[in-house]
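Here is what each chain is made of, one letter per residue.
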Number of protein chains: 2
Amino acid sequence: MSAAIMRAGSLTIIGLGPGDPAMLTPQAAAALAAATDLIGYGPYLARVPARPGVVHHATDNRVELDRARHALTLAAAGRIVAVVSSGDAGVFAMASAVFEAIDHGAASWRALDVTVIPGISALLAVAARVGAPLGHDFCAISLSDNLKPWEVVEQRLTAAAGAGFVLALYNPASRARPWQIGRCFALLRAILPGSAPVIFATAVSRLDEVVTVTTLAEADPAMADMRTLVLIGSAATRVIARPGSSPWVYTPRRIAAA
Amino acid sequence: MSAAIMRAGSLTIIGLGPGDPAMLTPQAAAALAAATDLIGYGPYLARVPARPGVVHHATDNRVELDRARHALTLAAAGRIVAVVSSGDAGVFAMASAVFEAIDHGAASWRALDVTVIPGISALLAVAARVGAPLGHDFCAISLSDNLKPWEVVEQRLTAAAGAGFVLALYNPASRARPWQIGRCFALLRAILPGSAPVIFATAVSRLDEVVTVTTLAEADPAMADMRTLVLIGSAATRVIARPGSSPWVYTPRRIAAA
């Protein structure tokens, strides 16, 4: 054994949770503390305190695959690399991009030490914030048609709402995609009662958190932007009014026989 | 102000995560440390270290609504109550039961200080363990027909698999419900390719963890028990073979136009 032996690199893909440091798991914190290189979308990297000697590689939001290949290249060169995502890295975030890069990349990347560390996803954080809207069967769908045809989004919304799932909508809107959430509401109004609860939640657990509980009949597409998660209840989802406080929303565990 | 003023009670519903203490959030740990009364299913309560003066109310697995009412009664009497669930309390766990009890209970319960603290759910922990199988649209479904007709389960499985969602199956089997997971596989084999990846994961992050990656064609219902989460990929989900190691599984973010 030589003291100069090359240290084996590694790649850890880390979910930072929704933003509040009290929701970052100790496992994720330990992995962040061990890294020599941090890679991610700028605003997420900014949540990780700088440490001497640790390189921050901030990137734009729309270059996931390039970012994944960069991370793998660094790990293959012996660096201790952490790729960070908001929420959970496996839910509409960086983990899938890293494995896609491995799948189509150098055979040697398959021998790398790659670990995914789960985080509190936006859908769990938002649900907890308003009660228990995900208390029964639910779906998570990305409304973005950057990576899939809009027809597929509509088919999935129709199938899931028609079958009684509660819906968690990721990527509901952005400046470049302003109309999808309105079309989604129009489509769902033909399937679900107007009284179905709708929750718009932006920046949950952060200082600028905004959470609004409304109904499908009254839901305004303008309330969603690229940082918003939208939850849409099923016909079974209930709202508990509270005098002087925001209501609770929950989906009962029981469905009676027809 | 009197020193003898009655302290207002509270109720916190806490997700403990899958089992590894390194996956318990600091927020959840702080809430556990503040509680005077802990309520939950015995094996979950056993994960929380005993402290002097803290009352543990261990209950059976099948009495969620009684347990919820007990917790609310204690909080209304001024106790600092924590209801604990494994994983995330809002996903097929105690949070929905607590809000159901409030909805149908004393009006004064609506004025109680009730908080839900999210946890790393089993579906996130299992997905992270094998790669990124939830990298695109997914559904979570309970296979239990204790609280809903089996016909509803079949309709939802059919709708979700047919629309291309990855499926996370909770409560796949128990001694009293041995046949549902086999029927589920039979139904899905008529919709999905036999090559669709299937993951059986039991006790993830605990010492007795067992994770198996197989295919829908070869999936054996006997591999699931009441502690197992079953993930079923879509036709798009891919397996990355690794010589000498267990494979990675991921679902690509992109769906090409037809």
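Computed from a predicted model, the values in this text were never measured in an experiment.

**Overview of the overall build of chain A**
For step 1, the next point in the chain: A tally of helices and strands in chain A yields 7 helices and 13 strands.
For step 2, the next point in the chain: On the principal axes, the C-alpha backbone points of chain A span a range of 70 × 40 × 40 Å.
For step 3, the next point in the chain: Across the 258 residues in chain A, those meeting the buried criterion constitute 56%.
For step 4, the next point in the chain: Carbon and sulfur atoms provide 57% of the accessible area of chain A, an area that totals close to 10,200 Å².
For step 5, the next point in the chain: Counting 21 positive and 18 negative side-chain charges, chain A places the averaged centre of each group 4 Å from the other.

**Some words on the state of the cysteines**
For step 1, the next point in the chain: Enumeration over the complete set of coordinates arrives at 1 disulfide over all chains.
For step 2, the next point in the chain: Put simply, A:Cys139 and B:Cys139 are joined by a disulfide, and their sulfur atoms are 2.4 Å apart. Taking the torsion about the sulfur-sulfur bond, which here is approximately 75°, the covalent link between A:Cys139 and B:Cys139 counts as right-handed. With A:Cys139 in strand β7 (residues 138-142) and B:Cys139 in strand β7 (residues 138-142), this residue pair bridges two chains. Just as A:Cys139 is buried, B:Cys139 falls in that class too.
For step 3, the next point in the chain: Free cysteine: A:Cys184, not disulfide-bonded; nearest cysteine sulfur from A:Cys139 at 12 Å.
For step 4, the next point in the chain: Classification of A:Cys184 by relative accessible area gives buried; the value is 0%.

**Quick look at the pattern of salt bridges**
For step 1, the next point in the chain: For the structure shown, the criterion picks out 22 salt bridges over all chains.
For step 2, the next point in the chain: Between A:Glu100 and B:Arg253 there is a salt bridge; the shortest N-O distance is 3.3 Å. Placement of the pair is A:Glu100 in helix α4 (residues 94-103) and B:Arg253 in the segment after β13 (245-250), with the two residues belonging to separate chains.
For step 3, the next point in the chain: Of the residues examined, A:Glu100 reaches a relative accessible area of 13% and is grouped as buried.
For step 4, the next point in the chain: Ionic contacts of the salt-bridge type, sharing partners, join the residues A:Glu64, A:Glu100 and B:Arg253 into one network.

**Points about the packing of helix α6 (residues 150-162) of chain A against helix α7 (residues 180-189) of chain A**
Residues and elements named next belong to chain A.
For step 1, the next point in the chain: Two elements in contact, α6 and α7, have axes separated by 10 Å at closest approach and are oriented at 35°. Between α6 and α7 the crossing geometry is right-handed. In this structure, α6 uses Trp 150, Glu 154, Leu 157, Thr 158 and Ala 161 to contact α7, whose residues at the interface are Gln 180, Arg 183, Cys 184, Leu 187 and Leu 188.
For step 2, the next point in the chain: The residue makeup of the contact of α6 with α7, split by class, is 6 nonpolar, 2 polar and 2 charged.

**With respect to the sheet that holds strand β4 (residues 80-85) of chain B**
Residue and element names in this part refer to chain B.
For step 1, the next point in the chain: The 5 strands lie next to each other as β3-β2-β4-β1-β5, forming an open sheet whose pairing is parallel. Sheet topology places β3 (55-59) and β5 (113-117) at the edges, where each strand pairs with a single neighbour. On average, each strand axis in the sheet is tilted by 15° relative to the strand beside it, whichever way the strands run.
For step 2, the next point in the chain: Strand direction decides the pairing type here: strand β2 (residues 37-41) and β4, joined by 3 bridges, are parallel. Each bridged residue has a counterpart across the sheet, and for Ile 39 the counterpart in β4 is Val 83.
For step 3, the next point in the chain: In this fold helix α1 (residues 26-34) packs onto β1 (10-15), β2, β4 and β5, with an angle of close to 140° to the strand it touches most, β1.
For step 4, the next point in the chain: The strands touched by helix α4 (residues 94-103) within the sheet are β1, β4 and β5, with β1 carrying the most contacts at an inclination of about 155°.

**Points about the sheet that holds strand β10 (residues 210-215) of chain B**
Whether parallel or antiparallel, the strands of a sheet pair through hydrogen bonds between backbone atoms.
For step 1, the next point in the chain: Reading across from one edge, β10(A)-β9(A)-β11(A)-β8(A)-β7(A)-β7(B)-β8(B)-β11(B)-β9(B)-β10(B) is the order of the 10 strands in this open sheet, with mixed pairing throughout. Of all the strands in the sheet, just β10 (210-215) of chain A together with β10 of chain B have a single pairing partner and so form its edges. Across the sheet, the mean angle from the axis of one strand to that of its neighbour is 15°, orientation sign disregarded.
For step 2, the next point in the chain: Sheet topology places strand β8 (residues 166-170) of chain B next to strand β11 (residues 228-232) of chain B; 3 bridges connect them, and they run antiparallel. Looking at the pairing, B:Leu167 lines up with B:Ile232 of β11(B).
For step 3, the next point in the chain: Contacting β7, β8 (166-170), β9 (197-202), β10 and β11 (228-232) of chain A together with β7 of chain B, helix α5 (residues 122-130) of chain A crosses the sheet at an angle of about 65° to β11(A).
For step 4, the next point in the chain: Those strands touched by α7(A) are β8, β9 and β11 of chain A, and its axis lies near 5° from that of β11(A).

**A short note on helix α7 (residues 180-189) of chain B**
For step 1, the next point in the chain: The complete set of buried residues in α7(B) reads B:Gln180, B:Ile181, B:Cys184, B:Phe185, B:Leu187 and B:Leu188. Projected onto a plane normal to the axis of α7(B), the buried residues spread over an arc of 165° and lie on a single side.

**So, the interface of chain A and chain B**
For step 1, the next point in the chain: In this complex, chain A contributes 71 residues to the contact, which on the side of chain B involves 71 residues.
For step 2, the next point in the chain: Here chain A packs against chain B, burying approximately 6,000 Å² in sum over the two surfaces, 62% of which is carbon and sulfur.
For step 3, the next point in the chain: Considering only the side of chain A, the residues that lose the most area to chain B are A:Leu147, A:Arg156 and A:Arg253, jointly responsible for 13% of the buried surface there.
For step 4, the next point in the chain: Taken together, the links from chain A to chain B amount to 10 salt bridges.
For step 5, the next point in the chain: Here A:Arg253 ties to B:Glu64 by a salt bridge, and the two come within 3.7 Å at their closest N and O atoms.
For step 6, the next point in the chain: Linking chain A with chain B are 28 residue pairs in polar contact (both at pLDDT 80 or more), by the criterion used here.
For step 7, the next point in the chain: Looking at the side of chain A that touches chain B, the element that brings in the most residues is α4(A), giving 7 residues.
For step 8, the next point in the chain: Here the side of chain A that touches chain B is built from residues that sort into 44 nonpolar, 14 polar and 13 charged.

**Considerations on the side chain of B:Asp137**
For step 1, the next point in the chain: Inspection of the secondary structure assignment puts B:Asp137 in the loop between β6 (131-132) and β7.
For step 2, the next point in the chain: A distance of 2.9 Å separates the side chain of B:Asp137 from the backbone nitrogen of A:Ser142, its partner in a polar contact.
For step 3, the next point in the chain: Polar side-chain contacts of B:Asp137 include one of 2.4 Å to the side chain of A:Lys148.
For step 4, the next point in the chain: Once residues lying within four places of it in the same chain are set aside, the contact partners of B:Asp137 are A:Phe92, A:Ala140, A:Ile141, A:Ser142, A:Lys148, A:Arg156, B:Gly164, B:Phe165 and B:Val166.

**Overview of the packing of aromatic side chains**
For step 1, the next point in the chain: The full count for this structure, using the stated rule, is 10 aromatic pairs over all chains.
For step 2, the next point in the chain: An angle of 80° between the planes, with centres 5.1 Å apart, marks the rings of A:Tyr41 and A:Tyr44 as edge-to-face.
For step 3, the next point in the chain: The lysine or arginine in question, A:Arg242, covers the ring of A:Trp248, its NZ or CZ lying 3.7 Å from the ring centre.
For step 4, the next point in the chain: The ring of A:Phe165 carries B:Arg156 above its face, with NZ or CZ at 5.8 Å from the centroid.

Definitions and cut-offs
- Residues numbered from 1 in each chain as written.
- Chains lettered and ligands numbered in written order.
- Predicted model: local features only at pLDDT ≥ 70, side-chain atom pairs only at ≥ 80, totals over all residues.
- Heavy atoms only, no water.
- Helix = DSSP H or I, 4+ residues; strand = E, 2+ residues; numbered from the N terminus.
- Buried < 20%, exposed > 50% of the residue type's maximum accessible area, 1.4 Å probe, protein only.
- Areas by Shrake-Rupley, 256 points an atom, 1.4 Å probe, with all protein chains shown as cover.
- Lys, Arg positive; Asp, Glu negative; His and termini not counted.
- Charge placed at Lys NZ, Arg CZ, Asp CG, Glu CD.
- Disulfide = S-S within 2.5 Å.
- Salt bridge = Lys/Arg side-chain N within 4 Å of Asp/Glu carboxyl O.
- Axes fitted to C-alpha atoms, helices over the stretch in contact; angles between N-to-C directions.
- Left-handed = near helix turned anticlockwise from the far one by under 90°.
- Contact = heavy atoms within 4.5 Å.
- Nonpolar A, V, L, I, M, F, W, Y, C, P; charged D, E, K, R; others polar.
- Pairing = 2+ DSSP bridges.
- Arc of directions from axis to C-beta.
- Buried area = accessible area lost by both parts, 1.4 Å probe.
- Polar contact = N/O pair within 3.5 Å; in protein donor to acceptor, adjacent residues only side chain to side chain.
- Phe/Tyr/Trp six-rings, centres within 6.5 Å; stacked < 30°, edge-to-face > 60°.
- Lys NZ or Arg CZ within 6 Å of the ring centre and 35° of its normal.

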